[in-house]
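Chain by chain, the residues:
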Amino acid sequence: DTGVSQDPRHKITKRGQNVTFRCDPISEHNRLYWYRQTLGQGPEFLTYFQNEAQLEKSRLLSDRFSAERPKGSFSTLEIQRTEQGDSAMYLCASSPSTGLETQYFGPGTRLLVL
Amino acid sequence: GESVGLHLPTLSVQEGDNSIINCAYSNSASDYFIWYKQESGKGPQFIIDIRSNMDKRQGQRVTVLLNKTVKHLSLQIAATQPGDSAVYFCAENFATGGGNKLTFGTGTQLKVEL
């Protein structure tokens, strides 16, 4: 399967703990995006990378959130001191960097903060 | 699994009928639009896209119509099948303005009745 992959698929944690999610984009795609989706809503943009450079961050991305893409391939999204309001599906997408290109999504990581 | 479509508008159709799902977008400068299908517990799946210099685009069993005057997008599914049951989101992007984030609409739950 050469699509976008995410790990883990599900994560249950206690409030105050740190969690880290991984995304592996489609191999030839230079752009990588993170979105968050809560039940009954569409995905909301968090941040995106062009290769290893983080070029845009949403106001939704508080200082407890950090994303990296150190070698321009896979990316990690870390949430520190998790809160119950962080419970959501975290989606990763990737696209080529040429013009108007479709973003292809992974299966998501479902986070539940108790 | 959890319901992606919780509290979403619902469209119920009979198997074999045509479905029309509507979406109002927000940014008159948006120049790229995508329809995604999302099944419960999965990430959004690309269906069809359209650029702002077009008003209609057809795929296999699907057609997207764009009316920039009223900022309206629609997705038509011909001969709807049980496998089409899912939540459908439209997404917009102001790509040529340098933006890369997708802004998603509310979503519509499509239920296909046998």
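Residues numbered from 1 in each chain as written. Chains lettered and ligands numbered in written order. Predicted model: local features only at pLDDT ≥ 70, side-chain atom pairs only at ≥ 80, totals over all residues. Heavy atoms only, no water.

1. Side note on the side chain of Lys37(B)
Residue and element names in this part refer to chain B.
Part 1 of the argument: For Lys37, the position within the fold is in strand E3 (residues 32-38).
Part 2 of the argument: Comment: no salt bridge for buried Lys37; closest opposite-charge side chain is Glu39, at 4.4 Å.
Part 3 of the argument: At a separation of 2.7 Å, a polar atom in the side chain of Lys37 contacts the main-chain carbonyl oxygen of Gly83.
Part 4 of the argument: Aside from chain neighbours lying at most four places away, what touches Lys37 is Gly43, Pro44, Gln45, Ile47, Gly83, Asp84, Ser85, Ala86, Val87 and Tyr88. (Helix = DSSP H or I, 4+ residues; strand = E, 2+ residues; numbered from the N terminus. Buried < 20%, exposed > 50% of the residue type's maximum accessible area, 1.4 Å probe, protein only. Lys, Arg positive; Asp, Glu negative; His and termini not counted. Salt bridge = Lys/Arg side-chain N within 4 Å of Asp/Glu carboxyl O. Polar contact = N/O pair within 3.5 Å; in protein donor to acceptor, adjacent residues only side chain to side chain. Contact = heavy atoms within 4.5 Å.)

2. Focus: the sheet that holds strand E5 (residues 56-58) of chain B
Residues and elements named next belong to chain B.
Part 1 of the argument: Reading across the sheet, the four strands line up as E2-E7-E6-E5 and stay open at both edges, with antiparallel pairing between neighbours. The open sheet is flanked by strand E2 (19-24) and E5, the only strands paired with a single partner. Going from strand to strand, the sheet's axes swing by 15° on average, the running direction of each strand aside. (Pairing = 2+ DSSP bridges. Axes fitted to C-alpha atoms, helices over the stretch in contact; angles between N-to-C directions.)

3. Here we look at the environment of Val13(B)
Part 1 of the argument: Here Val13(B) lies in strand E1 (residues 10-14).
Part 2 of the argument: Val13(B) has contacts with Asn18(B), Ser19(B), Thr80(B), Leu110(B), Lys111(B), Val112(B) and Glu113(B), leaving out every residue within four places of it along the chain.

4. Quick notes on the pairing of strand E6 (residues 62-67) of chain B
Residues and elements named next belong to chain B.
Part 1 of the argument: Here E5 pairs with E6 via three bridges, running antiparallel. Looking at the pairing, Arg57 lines up with Val64 of E6.
Part 2 of the argument: Note that E6 and strand E7 (residues 72-77) share six bridges and pair antiparallel. Bridge pairing links Asn67 to His72 in E7.
Part 3 of the argument: From the end of E6 to the start of E7, which pair antiparallel, there are four residues, and Lys71 there has a positive phi angle of about 55°.

5. A word on the confidence of the model for chain B
Part 1 of the argument: Confidence along chain B averages 90 in pLDDT terms, with 89% of residues attaining 70 or more.
Part 2 of the argument: Here residues 1-5 of chain B is modelled with pLDDT under 50, and outside its nearest four sequence neighbours on either side it reaches 19 contacts, counting other chains as well. (pLDDT = per-residue confidence, 0-100.)

6. Considering the side chain of Arg64(A)
Residue and element names in this part refer to chain A.
Part 1 of the argument: Looking at the element boundaries, Arg64 is found in the loop between strand E6 (53-57) and strand E7 (65-68).
Part 2 of the argument: Looking at Arg64, its side chain comes within polar contact range of the side chain of Glu83, at 3.4 Å.
Part 3 of the argument: Here Arg64 is in contact with Glu78, Ile79, Gln80, Arg81, Thr82, Glu83 and Asp86, once residues within four sequence places are set aside.

7. Side note on the packing of aromatic side chains
Part 1 of the argument: A full pass over the atoms with the stated rule returns 13 aromatic pairs over all chains.
Part 2 of the argument: Centre to centre, the rings of Phe21(A) and Tyr90(A) are 5.5 Å apart; their planes meet at 40°, and the pair counts as tilted. One end of the pair, Phe21(A), is in strand E3 (residues 19-24); the other, Tyr90(A), is in strand E9 (residues 88-95), and 69 residues separate them in sequence.
Part 3 of the argument: Since its relative accessible area comes to 0%, Tyr90(A) is described here as buried.
Part 4 of the argument: Judged by centre distance (6.5 Å) and plane angle (40°), the ring pair of Phe65(A) and Tyr90(A) falls under tilted. Here Phe65(A), found in strand E7, pairs with Tyr90(A), found in strand E9; they are 25 residues apart in sequence, far enough to count as distant. Residue Phe65(A) shares its accessibility class with Tyr90(A), and that shared class is buried.
Part 5 of the argument: The rings of Tyr33(A), Tyr35(A), Phe45(A), Tyr48(A), Phe105(A), Tyr36(B), Phe89(B) and Phe104(B) are connected pair by pair, giving a single aromatic cluster. (Phe/Tyr/Trp six-rings, centres within 6.5 Å; stacked < 30°, edge-to-face > 60°.)

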